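# Inside the fold
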Amino acid sequence: MPSISYDRKSFLIDGRRVWLVSGAIHYPRTPRGLWRDRLRAAREAGLNCIETYVFWNAHEREPGRFDFTGDLDLRAFVKMVGEEGMYCILRPGPYVCAEWDFGGLPPYLHQAPSESKSPGPIRLRQSDPDYLEAVSRYLKAVMEQVGDLQITTSHDGPRPKAPRGNPVGGVAGGYRGDAGGPIVLMQVENEWFSHNPEQQEAYLERLVSMMRQNGCAVPISNCNNLWQPVEGTIDTWNGCRDLPAVMRQLSTVQPETPPMVSEYWTGWYDCWGAEHASGVDAETHLYRMAGLLGVGAQFNLYMFHGGTNFGFFGARTSGGKNRYLTTSYDYDAPLGEAGERGPKYQMTKRLCMFASHFGGIIAQRSKDQPACVALSEEEHPLAVMQQSGSLGTAVVLLKSKKDRSASTELLLPNGLRLPVPLAGQRAAWLLLEANLGDVTLDYSNLSPWAVIARRLLVLFGPAGSDGIFSIDGQQQTITVPTGRQPLVIEGDAVHVLVLNTSQVDAAYLGPAGVVIGCDGLDTQGNPIALNGWSTQYTVALDGTVTSKRVRTAKTEPAPALAAWQTLSLKPMVDGDSSAYQAINGPREMERLDQPLGYGWYKLSLSKSISGRVCAPLGGDRLHLYQSGKLAQVLGKGEGATDEPTQMKLGGDVVVLADHLGRYNYGQAVGEDLKGLAGHLYTVKPFKSAKPKRVKQQAGDPFAISGMIYHRRAGDRPMAEALVWEVKPELRKPMVLEIEGLPQEAVLTVNGEPIAYYAADLSGGHLRVLLDPTDDGPMTGGKNAIALELLEPMKETANPTKQVRLYQTQQRVTPAGDGWSFAKWSVPKSDEDGWRPLPKSLPSQPAWFRSRFGVADTAAPLWLEPIGMTKGQIVLNGHLVGRYWQQTREGRKIGPQQRYYLPEPWLKTEADNELLIFDEHGRLPTSARLVHAVNAY
């Protein structure tokens, strides 16, 4: 049976050292028909490993009913990774974060099972019996899918065949197909950024046991950034800055495990209504990757390819108010949303090709290494980092942004001063006394890129610079090419191919050798023409150079959209549709079999009510219609109001509830219910005295939850509490709201903790309904409401601006009867009611339909819904995702302007059907299809 182990240097498979060069690709964010294309792009960039989360809520939408088919075929994805010659890191969670709805947890967890083992709601990400039972069922299902695809599984039967188009020598340091499967590492949970030894044993180590009991035989890692150690796991890190120093710290804390960054963030995500997060520039990206190699750390690029938040799976996230993820998850990753390869991809290819081909040298490093130079990306002088071992020495040079030097000198152990050209580069890497199999590379002032079949060594550097290298004691001095023609230096045992930076960025390893002047390889291994290169060069293993003239294919104009039709939703808005079914009072959408998307509520009011209306338990956005007309949008984000709003309501009130995504990260994960989880009320500000400031020990947030972000159990500093003395009117509920308070705090009522306010980690907002008629601590008499702060407050601070109390006046909605609900659904093509597009429509939701044809899918196709407001795009039955162009008043939103229509979802032999749901019925007459490079 194959074995995998590790020590302080690297992982070992059957005793052979493996250096993982990994990148993240999430299978549900890329249609299955594009998986191989994205995987090959990773392989061509030098990666020898692919990491993916497993998304629980995509696979088990109902308890016990799992779906691992189609775009969710996890097993097929992992097998394909192996077919492409790469290892796989699997991160099944159960919580994954990932800017994915609910952090990957299934919404059904909001309601305890009928035979609950504990009272109250399920406590997520901790040792709740109901939660652990659901997790156990999920992990068992995952391991049934991929358990035999671990590297440790004995391989019975024929070995998997590599597909056509694999480069010469396969993937350097990658999966060889000589074991059960490519999975070499699994991660338990994710970003458990809290310290609570009780939960370590009762929850985190319980998860490890579950994985082992279900057949996990490879090493298990955690990604807790040293907040909480977990017995039997490898500590890893995530982040993007100061990582070399962190890796040194990690090696000190766990000296017998390999330092690893499980998420090196290559970019960042986008939120509706914010500026486009372009991430770091390509040179800084290269600098950061090189710094990790310089300290002997393996890494996973998060993301290598981001993909798309299809349908309604984009999350809400913490870090500020109203942060909802866009449909594009491009992430400014090396490989763009539609497979684009730009400067960051080229920098990734420069470094990762080196890392996968020569990582074995770093993996054999000795234990005692020179101390890491203190680094500042903006200010530090030139940093030199070194890793030496039995196979040679790898040297990494890093320049600050302000360093404009074109070269430097290294003093080699033999006394030679080696000039190193650095023009236009923030990072360079060299090899000294490197064992290349049949020869030794004594030194070189050019960066190695690849060594192929021990016969062809590829070096690169700035165009026109003086290159020096020595092999087996024979020094060569050359000039790096300034044009397109590659330079080959023939040798007895190995030939040397010298390229400039532009050439290496256009170079790929093909079946016949190194191809220069292409944009990757097609499915047959043939080079794809690259704009700006009219000649392709191929360098064979024997050093022979051949060339051929090429032309890039001309992109045809984007197809035109046919005449639009519309489907009115007036019966839904008026409340006349037979789709409405009676429900017994308010229910969140999770409990109405509508966990994602929209939902329709109809409220039959027995009398008219006027006042400032508030939805204390409403989420995310509630479109209120009175007599078919929009009265208000209550809730979050642009075009809605979250303040109590003056309204007059009566008769049938229809509410279109809009689910914008559940929290994926932060203390509010699991606390944001969707739809109408409670009643609407009219409210007025509660007139009370200013709160008393009482110096005392801070409240214990762990009384609320076993997992508190960035807190240690038992750490309760002296701070102060803000205490209000209140008595509700006529035993009616009160609403407490915190908005923008910078201090974290525990909220107590009559001494009993009821909520934890985590500042930015809860979106900077908390709203609580305090009802004296339920079983909670609030009474109809005098109550002490205390906000027990975890940090001191400035004497000049005025918390009453951030903490507001409202007294409810009337309950707007019926007590029980008078509630109905209808699911939101995509209409069928043959559904009655489609009509030609009128000149205008009332400001109410509507569906629109058009058709278009495409001759081929060679160029990515995008939709620009110009002039529309907000809604959902559907292509040939596939939910493309949310769009949000502007508010109903015409205020632009952004940053996303266009929406990717994946090639596998397009038809070339028949018309394509495009449906758009627009919340405010704006006509799609200006919408168009375009060929573009990204969503912005």
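This report concerns the structure included in the present document. (Residues numbered from 1 in each chain as written. Predicted model: local features only at pLDDT ≥ 70, side-chain atom pairs only at ≥ 80, totals over all residues. Heavy atoms only, no water.)

## Regarding unusual backbone geometry
With an omega dihedral of -10°, the bond running from Gly-619 to Asp-620 counts as a cis peptide bond. By secondary structure assignment, the location of Asp-620 is in the loop between strand E36 (618-619) and strand E37 (621-626). A cis amide bond links Gly-894 to the next residue, Pro-895, at an omega of 5°. Here Pro-895 shows up in the loop between strand E55 (878-884) and strand E56 (899-901). Even without being a glycine, Asp-14 presents a positive backbone phi close to 50°. Assignment of secondary structure puts Asp-14 in the loop between strand E2 (11-13) and strand E3 (16-18). The phi dihedral of Glu-433 falls on the positive side, at around 50°, and the residue is not glycine. Topologically, Glu-433 is positioned in the loop between strand E17 (427-432) and strand E18 (434-435). (Helix = DSSP H or I, 4+ residues; strand = E, 2+ residues; numbered from the N terminus.)

## Brief notes about the pattern of salt bridges
A full pass over the atoms with the stated rule returns 44 salt bridges. Note that Arg-662 and Asp-101 form a salt bridge whose closest N and O atoms lie 2.7 Å from each other. Here Asp-101 lies in the loop between strand E6 (87-93) and helix H4 (129-146) and Arg-662 lies in the loop between strand E39 (645-658) and strand E40 (675-676), a separation of 561 residues in the sequence. The partner of Arg-123 in a salt bridge is Asp-128, and the shortest N-O contact between them spans 3.5 Å. Members of the salt-bridge network, linked through shared partners, are Arg-36, Arg-40, Arg-43, Glu-83 and Glu-84. (Salt bridge = Lys/Arg side-chain N within 4 Å of Asp/Glu carboxyl O.)

## Considering the side chain of Ser-194
Turning to its location among the elements, Ser-194 is positioned in the loop between strand E7 (183-188) and helix H5 (197-213). Overall, the relative accessible area of 0% leaves Ser-194 in the buried class. Here Arg-711 takes part through its backbone oxygen, which lies 3.4 Å from a polar atom of the side chain of Ser-194. In this structure Ser-194 touches Trp-227, Gln-228, Phe-702, Met-707, Ile-708 and Arg-711, once residues within four positions along its chain are discounted. (Buried < 20%, exposed > 50% of the residue type's maximum accessible area, 1.4 Å probe, protein only. Polar contact = N/O pair within 3.5 Å; in protein donor to acceptor, adjacent residues only side chain to side chain. Contact = heavy atoms within 4.5 Å.)

## A closer look at the sheet that holds strand E1 (residues 4-6)
Read across the open sheet, the three strands follow the order E1-E2-E3; overall the sheet is antiparallel. The sheet terminates laterally at E1 and E3, the two strands that pair on one side only. Adjacent strand axes in the sheet meet at a mean angle of 35° when their direction is disregarded. Two strands pair when backbone bridges link them, and E1 and E2 are joined in this way by three bridges, in the antiparallel orientation. (Pairing = 2+ DSSP bridges. Axes fitted to C-alpha atoms, helices over the stretch in contact; angles between N-to-C directions.)

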